[in-house]
Amino acid sequence: MKNKPFLLLFFPALLLWAQEPSRTYLQAMDAIAKQNYTEAQNLLQKVIQDPSTPREYQAKAYNYLGDIALVSQSYQTAQSYYRKVLESYSDTPVYSRALYNIARLSILSGDNDAGIALLSDYINRYASHDANEDGALYWLGRAFAAKGEYYRAMGLYRELLSRFPSSVYAYHTRQSLQTIENSLKTTTGSSDINTIRADQAKYLRLLAKLLDLQNQLLDLKKEKIDELKTLLAKEGL
């Protein structure tokens, strides 16, 4: 019983220590920042398999594995990792990020209705404090454009450019908006929608893979570099 006051004094510090990321997790973040994705995958799997890993970092590890799969355009694999977060880690901060990720993945996979529903949920609940509202507007606009609802898409694109003019999505948003506007100006009659769809399809065939990969890399690298800096600062490195 003599040691009880000592334990009570240091118990909060022990709890804080228990919630800190492991060295393996830090190494994984470093590998991602350097785009060494194979190494990062191996390290993240070790983080997940370690029973001492706090739930928050287990969830983050699953989410980052999904991000790596998404960059590699392995959409089914990415979806399985994101779903793991949504199904098993709803009480962690990374839940909202996984929701955003699986929403844009639905759109990339052609399930625009699911993507719209998920992004609408994300925007209503998380966008104002999750730093991905510009991306949510971009992908939501893209989903409506793919469905042929061009005026709704234009409204979302204009909102993005008005509120987030420096967004990493701004350039591609202007390109998409200009394509739709030019099509609307030059088409008349009952064939308008089909003509706009053809223009959009041609544009997306030429740029989709490049833009998707570029946006995914930007999202992945920025988020992980920011987190790595924060974690290394805590470690005094």
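Just above sits the structure.
One structure accompanies this document, and this report is about it. (Residues numbered from 1 in each chain as written. Predicted model: local features only at pLDDT ≥ 70, side-chain atom pairs only at ≥ 80, totals over all residues. Heavy atoms only, no water.)

## Quick notes on the nonpolar core
Residues Ile32, Leu44, Leu119 and Trp139 are the most contacted members of the largest nonpolar core, which totals 61 residues. For this core, the element with the most residues is helix 4 (residues 55-71), which contributes 10 residues. Sequence-distant contacts of Leu119, defined by excluding residues within four places in its chain, comprise Tyr100, Ala103, Ile107, Ala136, Trp139 and Leu140. (Core = buried A, V, L, I, M, F, W, Y, C linked by side-chain atoms within 4.5 Å. Buried < 20%, exposed > 50% of the residue type's maximum accessible area, 1.4 Å probe, protein only. Helix = DSSP H or I, 4+ residues; strand = E, 2+ residues; numbered from the N terminus. Contact = heavy atoms within 4.5 Å.)

## Digging into helix 7 (residues 112-125)
The terminal C-alpha atoms of helix 7 lie 20 Å apart, and with 14 residues this matches the ideal 20 Å at 1.5 Å per residue to within 8%. Among the residues making up helix 7, those that are buried are Asn112, Gly115, Ile116, Leu119 and Tyr122. With its buried residues spanning 130 degrees around the axis, helix 7 presents them on a single face. Exposed residues on helix 7 whose side chains face more than 90 degrees from its buried face are Asp113 and Asn124. Check the buried side of helix 7 and you find it contacts helix 6 (95-108), helix 8 (127-130) and helix 9 (133-146). (Expected span 1.5 Å × (residues − 1). Arc of directions from axis to C-beta.)

## Focus on the pattern of salt bridges
Going through the model one piece at a time under the given rule, you end up with 10 salt bridges. Between Glu56 and Lys60 there is a salt bridge, with its nearest N and O atoms 3.5 Å apart. Of this pair, Glu56 and Lys60 both sit in helix 4, separated by four residues, roughly a single helical turn. Residue classification places Glu56 among the partly exposed residues on the basis of a relative accessible area of 25%. Measuring nitrogen to oxygen at the nearest pair gives 3.0 Å for the salt bridge that ties Asp121 to Arg125. Of this pair, Asp121 and Arg125 both sit in helix 7, four residues apart, which is roughly one turn of the helix. Assessed through its relative accessible area of 27%, Asp121 is described here as partly exposed. Overall, Arg125 belongs to the partly exposed group, its relative accessible area being 41%. Connected through shared salt-bridge partners, Asp113, Lys147, Glu149 and Arg152 make up one network. (Salt bridge = Lys/Arg side-chain N within 4 Å of Asp/Glu carboxyl O.)

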